[in-house]
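Secondary and tertiary structure notes
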Amino acid sequence: MSKPLTGRVAVITGASSGIGEATAEHLAGLGARVAVLARRADRLTDLVARIEKGGGTALAIAADVADGAAVRAAADQVAAEFGGADLLFNNAGVMLPAPIDEVASGQWQQMIDTNIAGLMNVIGAFVPQLVRAGAERGVADLINTSSIGAQNPYPNFAVYCASKAYVTQLSKQMRADLGPKNVRVAAIEPGFTTTELQSHVTDPGISEWLEGAKTQLEWLTPGDIAVTVGFIASLPARVNLQQLTVMPTGQLS
């Protein structure tokens, strides 16, 4: 089996479930050493055990991306144990939709803290490692998880979609700074994907709408996105897929 990521060090946030978990296993299978970050230490321990059982190398770091000090400590640990990251999958996020006129300010803040501030905490902690790797090996990767919601409006998803539009636009802008330093920046915008995010929705009407959507078309799996991340990171150093929308075949928008 080809292992195109042999010798690389990948950091995956939001790795305790869903897309992050699947991507950690897939990148390890492609030969990368992986550092998995999330809040739930028990799930990370199980994930590392599976990766190691499959012959891979993994490091579990329990951290909340909204905690800047914890993320910086995680970056220090990756540097100490793996020599630094050259592939960052910035994936942690929350989705808490609600009608905007309900003014669910607590949920708004939670999405801002994780999807925007948390994203920036991870970028601030790990970009110096990526820049060093780009100079030393000629390529490094920063891949951010956005959403099709960054492009299209969905009723009751205003704040979530706005937070993901931030991710997509930031990714485009960072290419101007990091591309000349051999750091490729990409945003992945998944459509409907079966993850834990749907179970966190507190609005009964929106939960019912999401469940109905599952009966109307076949949703993506976390593994579909994991393969996409592996593909992006395995491309020749001269190739940067700056923005990739991944949709279920039956989802039109």
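This text goes with the structure placed above it.
Figured I'd write up the structure that's included with this text. Note that the structure is predicted; figures quoted are calculated from it, not measured.

**Observations regarding the overall build of the protein**
- Across its full length, the protein carries seven helices and seven strands.
- Across its three principal directions, the C-alpha atoms of the protein cover 50 × 40 × 35 Å.
- The buried share among the 253 residues of the protein stands at 51%.
- In the structure as shown, the protein presents an accessible area of about 11,100 Å², 53% of it carried by carbon and sulfur atoms.
- Across the protein, the mean location of the 18 positive side-chain charges is 10 Å away from that of the 23 negative side-chain charges.

**Some details on the sheet that holds strand β1 (residues 9-13)**
- Strands sit in the order β3-β2-β1-β4-β5-β6-β7 across an open sheet of seven strands; the sheet is parallel. Pairing within the sheet leaves two strands with one partner each, and these edge strands are β3 (58-62) and β7 (243-246). Here the strands of the sheet are splayed against their neighbours by 15° on average, with no regard to which way each runs.
- Examined bridge by bridge, strand β5 (residues 140-145) and strand β6 (residues 183-190) share six bridges and lie parallel to one another. Paired with D141 across the strands is R184, a residue of β6.
- The strands touched by helix α7 (residues 222-234) are β4 (87-90), β5, β6 and β7; relative to β6, the strand with the most contacts, the crossing angle is about 160°.

**Notes on the pairing of β6**
- With eight of its eight residues buried, β6 lies for the most part within the structure.
- With helix α5 (residues 158-178) bridging β5 and the parallel β6, this β-α-β connection has right-handed handedness.

**A closer look at the nonpolar core**
- Ranked by internal contacts, the top residues of the largest apolar core, which has 31 residues, are V11, V78, F126 and L142.
- Only β1, β2 (33-38), β3, α3 (68-82), α4 (105-137), β5, α5 and β6 provide two or more residues apiece to this core.
- The greatest single-element share of this core, amounting to eight residues, is contributed by α4.
- If we skip the residues at most four places from it in the chain, V78 touches V9, V11, A35, I61, G83, G84, A85, F126 and Q129.
- Of all hydrophobic cores here, the second largest spans 29 residues; its members include A24, A32, A38 and L44.

**Some words on unusual backbone geometry**
- Non-glycine residue V103 carries a positive phi angle of around 50°.
- Structurally, V103 can be placed in the loop between β4 and α4.

**Quick look at helix α1 (residues 18-29)**
- Over its twelve residues, α1 runs 17 Å from end to end, which matches the ideal 16 Å to within 8%, given 1.5 Å per residue.
- G18, I19, G20, T23, A24, L27 and A28 are the residues of α1 that are buried.
- Where α1 terminates, the next one or two residues include G31, which has phi positive at roughly 110°.

**Description of the pattern of salt bridges**
- Tallied over the entire structure, the rule returns nine salt bridges.
- Its salt-bridge partner being D141, residue R8 comes within 2.9 Å of it at the nearest N-O pair. Of the two residues, R8 sits in the segment before β1 while D141 sits in strand β5, which places them 133 residues apart along the sequence.
- The class of D141 is buried, set by a relative accessible area of 1%.
- A salt bridge links E211 to K214; the nearest nitrogen and oxygen atoms lie 3.3 Å apart. Placement of the pair is E211 and K214 together in helix α6 (residues 204-216), with a separation of three residues, close to one helical turn.
- Taking relative accessible area as the criterion, E211 reaches 45% and is therefore assigned partly exposed.
- Residue K214 is classed as partly exposed on the basis of its relative accessible area of 31%.
- Each of the salt bridges in this network shares a partner with another, and the network as a whole consists of R8, D86, R137, D141 and R184.

**Focus on α4**
- Its 33 residues place the ends of α4 45 Å apart at the C-alpha level, agreeing with the 48 Å of an ideal helix rising 1.5 Å per residue.
- With its phi angle positive at about 90°, G138 sits one or two positions after the end of α4.

Reading the values: the criteria
- Residues numbered from 1 in each chain as written.
- Predicted model: local features only at pLDDT ≥ 70, side-chain atom pairs only at ≥ 80, totals over all residues.
- Heavy atoms only, no water.
- Helix = DSSP H or I, 4+ residues; strand = E, 2+ residues; numbered from the N terminus.
- Buried < 20%, exposed > 50% of the residue type's maximum accessible area, 1.4 Å probe, protein only.
- Areas by Shrake-Rupley, 256 points an atom, 1.4 Å probe, with all protein chains shown as cover.
- Lys, Arg positive; Asp, Glu negative; His and termini not counted.
- Charge placed at Lys NZ, Arg CZ, Asp CG, Glu CD.
- Pairing = 2+ DSSP bridges.
- Axes fitted to C-alpha atoms, helices over the stretch in contact; angles between N-to-C directions.
- Contact = heavy atoms within 4.5 Å.
- Right-handed = clockwise from strand over helix to strand, strands pointing away.
- Core = buried A, V, L, I, M, F, W, Y, C linked by side-chain atoms within 4.5 Å.
- Expected span 1.5 Å × (residues − 1).
- Salt bridge = Lys/Arg side-chain N within 4 Å of Asp/Glu carboxyl O.

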